[in-house]
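For reference, the chains in residue letters:
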Amino acid sequence: MHPTRLTAAVAALALSASLATALAGTASAAPQAQPVPPGHGKSLALAAADSAAASGLDELRHGADEDLVRTSVTPWANGLYYAAYQRTYKGLPVHGGGDGVVLSDSSGKVRDVSGSAAPAIKVSTSARVTAEKALATARGQLAAVESASAPELTVLLKGGKPVLAWHTLVVGTTATHLPSSLDTYVDARTGKVAQATDKVMHAEGRGYHNGNVTIDTAASSMTDTSRGAFKCGGQNGSAYTGSSPWGNGGANDLVTACVDIMYAAQRESDMLKEWFGYNGINGQGGMVPARAGLTQVNAYYDGTKTTYGRNQNGTNQLTGIDVVAHEYGHEIFDRTPGSAGSSNENGGMNESTGDIFGALTEHYADNPNDTPDYTVGEELNFTGNNQPIRNMYNPSLINNDPNCYPQLSSGTEVHAAAGPQNHWFYLLAEGSNPGGGKPSSPICSGGPSSVTGIGIQKAGKIFMGALLMKTSSWNHPAARRATLTTAKNTYGATECNAVKAAWNAIGVPAQSGETDCGGTSTPDFSLSLNPSSGSAQPDTQVTATVNTSTTGGAAQTVQLSASGAPSGVTVSFSPASVTSGNSSTMTVKVAAGTPNGTYPITVTGTGSATHTVTYQLTVGSTTPPTGCDATEYTYQGTLASGQAAAQPDGSYYYSASAGTHVGCLRGPAGTDFDLYLQKWNGAAWADVAVGGTAGADEDTSYYGTAGYYRYVVHAYSGSGAYTLGLSAP
């Protein structure tokens, strides 16, 4: 044992006055573009997108133990592709931030990226609570459970902090018999519900018959295999059976209600394909099933189905075109990147998405029994006053809902919070003074004097394209950026400027980095690294290629620089500046004595704009050893010889009762690592247990009273990665 050798190593870890403060521990011209071989455009687009994700381009920055995994690809107009990425940590999916989308083209250029900002993650991936126990906890939130998905181990970002959690969707009813679909995360350490968000999106609607219509069904059941086994039936989930003609036209006949539901949902699916080139409601040609006959004044989507009830007086079913399309609009919002969030603003935009797709479907169907308009539930007479429940051209006419973005607050009810985006969509589609019998629409304070519409089909395609850039932090400013990007790349300057004018008209201000709608292409470039990570031993070097491409305007000079390298590491570029479309070799030199570890180095390209990518440098061996699986908590780190680190995570923990504290340290082979358990005595940290053998592995056990404790890992000699396991009372 070496009882005194820790003193100098932990001097920086000692407390001075309080517990809290102590533990803060020369290029050629770009080559002429060549025609893209048939069928090769998608592969070029996805290669560019994957490279941007791996390189951590701009908003796609991620840590050493994190990856961005491509989860979907959606083809778009003009050879564009939207590629969505989910963040993972040590192979586990991350929810609540860090996801992103790359818009690239068939010539292999990145047009834009969007990302949900998230902190670097450091959390143990060892679950203390079993999946079975987590599922039981999740199911216990509801009085009656209809279905529950198999729990998946994930990392949840809650309040900016990572939580290892079991994720499951539980569908059923509450104690008050209300429908509920709880997107649930159960803490995998404590077994408590860390977060639960109800995916049930309620929307009142009108129930009236659409007249004699054509729907797609099987010969003997109300199923539609051409749209992913879409079906409609009663509350038991089974499709109604029979034969054509379906229904009797009665206001409360449930088979007739299913005729209305299938007609509206199928027209919405057709509209998405014909107008936008999008493959149906869920992006894969299908949609969730539908159920009629709910004995409540309600209609809702819960992530697994849509359900429709009756109106207040019980005189008809809530199966009008805009109601059905609204509910399936929630599925579109849910199935596009970023899914549905939990904030009121995000919820309001989800409700608005339903309203927008309701209006789009009415205009596409052009059914004489339901004249296309921009109001919601106008024929329902829901409250007995013959008024719609929402108004898109002037939201304030219903319940004084907000017209303008600055009127929103964190307490705005989600249906009311649909107002600003609904208002924006009407202004973009029809303008502020459209004429032709269409209503005028007010402009918010500080907005332009007028807005000229571009038509509902173009407006809808721009909105749909923007949803394909949605991330988990979706809000109105993000929607402004995404719609401008989509408008400019799908259509051009005129439509892009119309989008900008409509956002200005509802008070959403210009955003940093948003697309320039100029009539000519704005000069811009993109960066990527190949490879985006590398390893080097001390006193060696590693190289990577910094690739640039011209994404707008003429080729330009891009100056390269690096920041964030640790002491002992130098980064150089040859050449130091390139003409966009060319590349540079980055050399990373690691001096002798550089501590082992993984370090993110930010590479910046500066031209008409500034873009960044991230290179992950690993010095030495950083694969943590194993052998502490029997402990409750696991922490890992890397130390150079002579260094020390406090755990857990540079901090301490509190034990509320007396009991045994068990420590397990496994260090790199051939080194001498020591382990110290310390307790706060009111003025300083005092050693209460020491593992100080002349080897890499240490084990300690200490019975102590309640108080503050921490472990200190000390690399007495040798460097490398270690694993610390601990159990505490």
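Here the structure is a predicted model, which means the values were calculated and not measured.

Counting its regular elements, the chain contains ten helices and 36 strands. Radius of gyration (C-alpha) of the chain: 29 Å, near the 27 Å computed for a compact globule of 729 residues. Dimensions of the chain along its principal axes, counting C-alpha atoms only, are 90 × 65 × 50 Å. Here the chain holds 729 residues, and 53% of them are scored as buried. About 28400 Å² of surface is accessible on the chain, with carbon and sulfur atoms providing 49% of the total. Considering the chain, the positive charge centre built from 39 side chains and the negative charge centre built from 54 side chains are found 4 Å apart.

With that settled, the discussion passes to the side chain of Thr 353. Within the secondary structure layout, Thr 353 lies in helix H6 (residues 344-365). Classification of Thr 353 by relative accessible area gives buried; the value is 1%. Reaching out from Thr 353, the side chain makes a polar contact with the backbone oxygen of Met 349 at a distance of 2.8 Å.

Moving on: the sheet that holds strand S22 (residues 557-563). Overall, mixed pairing links the five strands, which are arranged S20-S27-S26-S22-S24 in an open sheet. Edge positions in the sheet fall to strand S20 (533-536) and strand S24 (577-579), since each has one partner strand and no second. On average, each strand axis in the sheet is tilted by 30° relative to the strand beside it, whichever way the strands run. Of the strand pairs in this sheet, S20 and strand S27 (residues 610-619) are connected by four bridges, and their pairing is parallel. Within the sheet, the bridge partner assigned to Ser 533 lies in S27 and is Gln 616.

Moving on: the pairing of strand S3 (residues 92-95). Pairing between strand S2 (residues 80-89) and S3: two bridges, direction antiparallel. Counted as the bridge partner of Tyr 89 is Leu 92 from S3. In this sheet, strand S7 (residues 152-158) lies alongside S3 in parallel orientation, the contact comprising two bridges. The residue of S7 that forms the bridge with Val 94 is Val 155.

As a further point, take the pattern of salt bridges. Summed over all chains, the structure comprises 20 salt bridges. Its salt-bridge partner being Arg 128, residue Glu 632 comes within 2.8 Å of it at the nearest N-O pair. Residue Glu 632 is found in the loop between S27 and strand S28 (633-639), and its partner Arg 128 is found in the loop between strand S5 (110-115) and helix H3 (131-139); the two are separated by 504 residues along the sequence. The class of Arg 128 is partly exposed, set by a relative accessible area of 44%. Across the salt bridge formed by Glu 331 and Arg 335, the nearest N and O atoms sit 3.7 Å from each other.

What follows covers the sheet that holds S28. Strands sit in the order S28-S36-S31-S34 across an open sheet of four strands; the sheet is antiparallel. Every interior strand has two partners, whereas the edge strands, S28 and strand S34 (697-704), have only one. Looking at each pair of strands side by side, their axes are set apart by 15° on average, direction ignored. Here strand S31 (residues 659-666) pairs with strand S36 (residues 720-727) via five bridges, running antiparallel. Directly across from Arg 666, in S36, lies its bridge partner Thr 723.

According to the stated counting rule, one finds four disulfides in the structure shown. Put simply, Cys 404 and Cys 444 are joined by a disulfide, and their sulfur atoms are 1.9 Å apart. The chirality of the disulfide connecting Cys 404 with Cys 444 is left-handed, given an S-S dihedral of about -95°. Here the residue Cys 404 occupies a position in the loop between strand S18 (390-391) and helix H7 (419-430), and Cys 444 occupies one in the loop between H7 and helix H8 (456-467), the gap between them amounting to 40 residues.

What follows concerns unusual backbone geometry. Following Asn 530, the chain continues into Pro 531 via a peptide bond in cis, with omega recorded as -5°. Summarising the element assignment, Pro 531 is placed in the loop between strand S19 (524-530) and S20. Ser 574 connects to Pro 575 through a cis peptide bond whose omega is 0°. If you check the backbone angles, Asn 399 has positive phi at about 55° while not being a glycine. In this structure Asn 399 comes out as exposed when scored by relative accessible area, which is 70%.

Across two bridges, the pairing between strand S12 (residues 223-224) and strand S13 (residues 230-233) is antiparallel. By the bridge assignment for S13, Asp 224 is matched with Phe 230. Hairpin connection, S12 to S13: the antiparallel pair is bridged by five residues, and Gly 228 has positive phi, about 65°. In this fold, S13 hands off to helix H4 (residues 254-276), which returns the chain to strand S14 (residues 290-291); that crossover is left-handed.

With that settled, the discussion passes to the environment of Ala 188. Position of Ala 188 relative to the elements: it lies in the loop between strand S9 (179-187) and strand S10 (193-198). In this structure Ala 188 comes out as buried when scored by relative accessible area, which is 0%. The sequence separation of Ala 188 and Ser 126 amounts to 62 residues, and the corresponding C-alpha distance is 8.2 Å. In contact with Ala 188, not counting residues within four places along its chain, are Ala 127, Arg 128, Val 129, Leu 153, Leu 164, Ala 165 and Trp 166.

Moving on: the packing of aromatic side chains. Here the structure, examined in full by the defined rule, presents 18 aromatic pairs. Each ring, one from Trp 275 and one from Phe 276, has its centre 6.4 Å from the other, and the planes form 55°; the classification is tilted. The burial state of Trp 275 is the same as that of Phe 276; both residues are buried. Ring geometry for Tyr 652 against Tyr 708: centres 5.6 Å apart, planes inclined by 75°, an arrangement best described as edge-to-face. Here Tyr 652 is found in the loop between strand S29 (644-647) and strand S30 (653-655), whereas its partner Tyr 708 is found in strand S35 (residues 707-717), with 56 residues between them in sequence. A relative accessible area of 26% means that Tyr 652 is categorised as partly exposed. Ring-pair connections join several aromatic residues into one group, and the members of that group are Phe 357, Trp 424, Phe 425, Phe 463 and Trp 503.

What follows concerns the packing of helix H9 (residues 476-490) against helix H10 (residues 493-505). For the pair H9 and H10, the least separation of the axes is 7 Å and the interaxial angle reads 165°. One finds that H9 runs roughly antiparallel with respect to H10. In this structure, H9 crosses over H10, and the sense of that crossing is right-handed. From H9, His 476, Ala 479, Arg 480, Thr 483, Leu 484, Ala 487 and Lys 488 reach across to H10, where they touch Ala 493, Glu 495, Cys 496, Val 499, Lys 500, Trp 503 and Asn 504.

Rules and cut-offs
Residues numbered from 1 in each chain as written. Predicted model: local features only at pLDDT ≥ 70, side-chain atom pairs only at ≥ 80, totals over all residues. Heavy atoms only, no water. Helix = DSSP H or I, 4+ residues; strand = E, 2+ residues; numbered from the N terminus. Rg over C-alpha atoms; globule rule 2.2 N^0.38 Å. Buried < 20%, exposed > 50% of the residue type's maximum accessible area, 1.4 Å probe, protein only. Areas by Shrake-Rupley, 256 points an atom, 1.4 Å probe, with all protein chains shown as cover. Lys, Arg positive; Asp, Glu negative; His and termini not counted. Charge placed at Lys NZ, Arg CZ, Asp CG, Glu CD. Polar contact = N/O pair within 3.5 Å; in protein donor to acceptor, adjacent residues only side chain to side chain. Pairing = 2+ DSSP bridges. Axes fitted to C-alpha atoms, helices over the stretch in contact; angles between N-to-C directions. Salt bridge = Lys/Arg side-chain N within 4 Å of Asp/Glu carboxyl O. Disulfide = S-S within 2.5 Å. Right-handed = clockwise from strand over helix to strand, strands pointing away. Contact = heavy atoms within 4.5 Å. Phe/Tyr/Trp six-rings, centres within 6.5 Å; stacked < 30°, edge-to-face > 60°. Parallel < 35°, antiparallel > 145°, perpendicular 65-115°, else oblique. Left-handed = near helix turned anticlockwise from the far one by under 90°.

In short, geometric facts, not functional conclusions.
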